Amino acid sequence: RSEDNTAANTLLFMNFWEAVRWDLRYTCCDWTVKADPDAVLLPDRMRGTLSHKMSWLNFISTCKGKLYGAVEAIQTKGLQKYYDKEAQCRNMPWHPWGEDVWISRCLLSLGVYSAFDAGFVAD
């Protein structure tokens, strides 16, 4: 378990993001959304929320500046910044963190900003 009592699954998600990178489908869209298997996505609602944040280099945070919850959204420019500097994030002291803390801290350290939206996810 991680220090915040969530699954210590960071390495698994480092590999997940690497697979997204090599698949390249993320480049065709403005946002990449990762959802938990039991999440229900409503694309029309998400599209409205995300379209208002298009000009920023950001990710949607739902809890104190972190990507936390059943759904995570990262703007493509932010995801590309991660891929450009992936080694910097992999060298962070991520072992005690859950993947949500790691990717949030990683993106923030790269200058990808957190755009808080309390209504984006309803757990």
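Quick note: structure is the one above.
Since the structure is predicted, the reported quantities are computational estimates derived from the model, not experimental observations.

Cut-offs used in this document
- Residues numbered from 1 in each chain as written.
- Predicted model: local features only at pLDDT ≥ 70, side-chain atom pairs only at ≥ 80, totals over all residues.
- Heavy atoms only, no water.
- Disulfide = S-S within 2.5 Å.
- Helix = DSSP H or I, 4+ residues; strand = E, 2+ residues; numbered from the N terminus.
- Pairing = 2+ DSSP bridges.
- Axes fitted to C-alpha atoms, helices over the stretch in contact; angles between N-to-C directions.
- Contact = heavy atoms within 4.5 Å.
- Salt bridge = Lys/Arg side-chain N within 4 Å of Asp/Glu carboxyl O.
- Buried < 20%, exposed > 50% of the residue type's maximum accessible area, 1.4 Å probe, protein only.
- Parallel < 35°, antiparallel > 145°, perpendicular 65-115°, else oblique.
- Nonpolar A, V, L, I, M, F, W, Y, C, P; charged D, E, K, R; others polar.

Novice: What is the right way to read the state of the cysteines from this model?
Specialist: For the coordinates displayed, the defined rule picks out 1 disulfide. Here Cys89 pairs with Cys106 through a disulfide, and the sulfurs are 2.0 Å apart. Taking the sign of the S-S torsion, about 75° here, the bridge from Cys89 to Cys106 comes out right-handed. Residue Cys89 is found in helix 4 (residues 86-90), and its partner Cys106 is found in helix 5 (residues 99-109); the two are separated by 17 residues along the sequence. Not part of a disulfide, Cys28 finds its nearest cysteine sulfur in Cys29, a span of 3.1 Å.

Novice: Could you clarify how one ought to interpret the sheet that holds strand 1 (residues 31-35) in this entry?
Specialist: Across the sheet, which stays open at both edges, the 4 strands sit in the order 1-3-2-4 with mixed pairing between neighbours. Every other strand in the sheet has two partners, leaving strand 1 and strand 4 (113-116) as the edge strands with one partner each. Going from strand to strand, the sheet's axes swing by 25° on average, the running direction of each strand aside. Taken together, the 4 bridges between strand 2 (residues 58-61) and strand 4 define a ladder with parallel strand orientation. Its bridge partner being in strand 4, Ile60 is matched across the sheet by Ala115. Packing of helix 3 (residues 76-84) onto the sheet brings it into contact with strand 1 and strand 3 (71-75), and relative to strand 3 it is tilted by some 80°. Where helix 5 meets the sheet, its contacts fall on strand 1, strand 2, strand 3 and strand 4, and the angle it forms with strand 3 comes to roughly 20°.

Novice: Looking at this structure, I do not really get the pattern of salt bridges. What am I missing?
Specialist: Oppositely charged side chains can pair when the atoms bearing their charge come close. Applying the stated criterion to the full structure yields 8 salt bridges. When the shortest N-O distance is used, the salt bridge between Asp36 and Lys34 registers 3.6 Å. For Asp36, a relative accessible area of 29% puts it in the partly exposed group. Here Glu72 ties to Lys34 by a salt bridge, and the two come within 3.9 Å at their closest N and O atoms. Residue Glu72 is found in strand 3, and its partner Lys34 is found in strand 1; the two are separated by 38 residues along the sequence. Across this residue pair, the class does not change: Glu72 and Lys34 are buried.

Novice: Where do I start with the environment of Lys81 in this structure?
Specialist: With respect to the secondary-structure elements, Lys81 resides in helix 3. With 14 residues separating them in the primary sequence, Lys81 and His95 have C-alpha atoms 22 Å apart. Dropping the residues within four chain positions of it, Lys81 is found in contact with Leu57, Leu110 and Val112.

Novice: Teacher, can you tell me more about the packing of helix 1 (residues 10-23) against helix 3 here?
Specialist: Helices that pack against each other are described as a pair by the angle of their axes relative to one another and the distance between those axes. With their axes 11 Å apart at the nearest point, helix 1 and helix 3 run at an angle of 105° to one another. It follows from the interaxial angle that helix 1 and helix 3 lie roughly perpendicular. Contacts between helix 1 and helix 3 pair Trp17, Val20 and Arg21 from the former with Leu79, Tyr82 and Tyr83 from the latter. Tallied by class, the residues present in the contact of helix 1 with helix 3 amount to 5 nonpolar, no polar and 1 charged.

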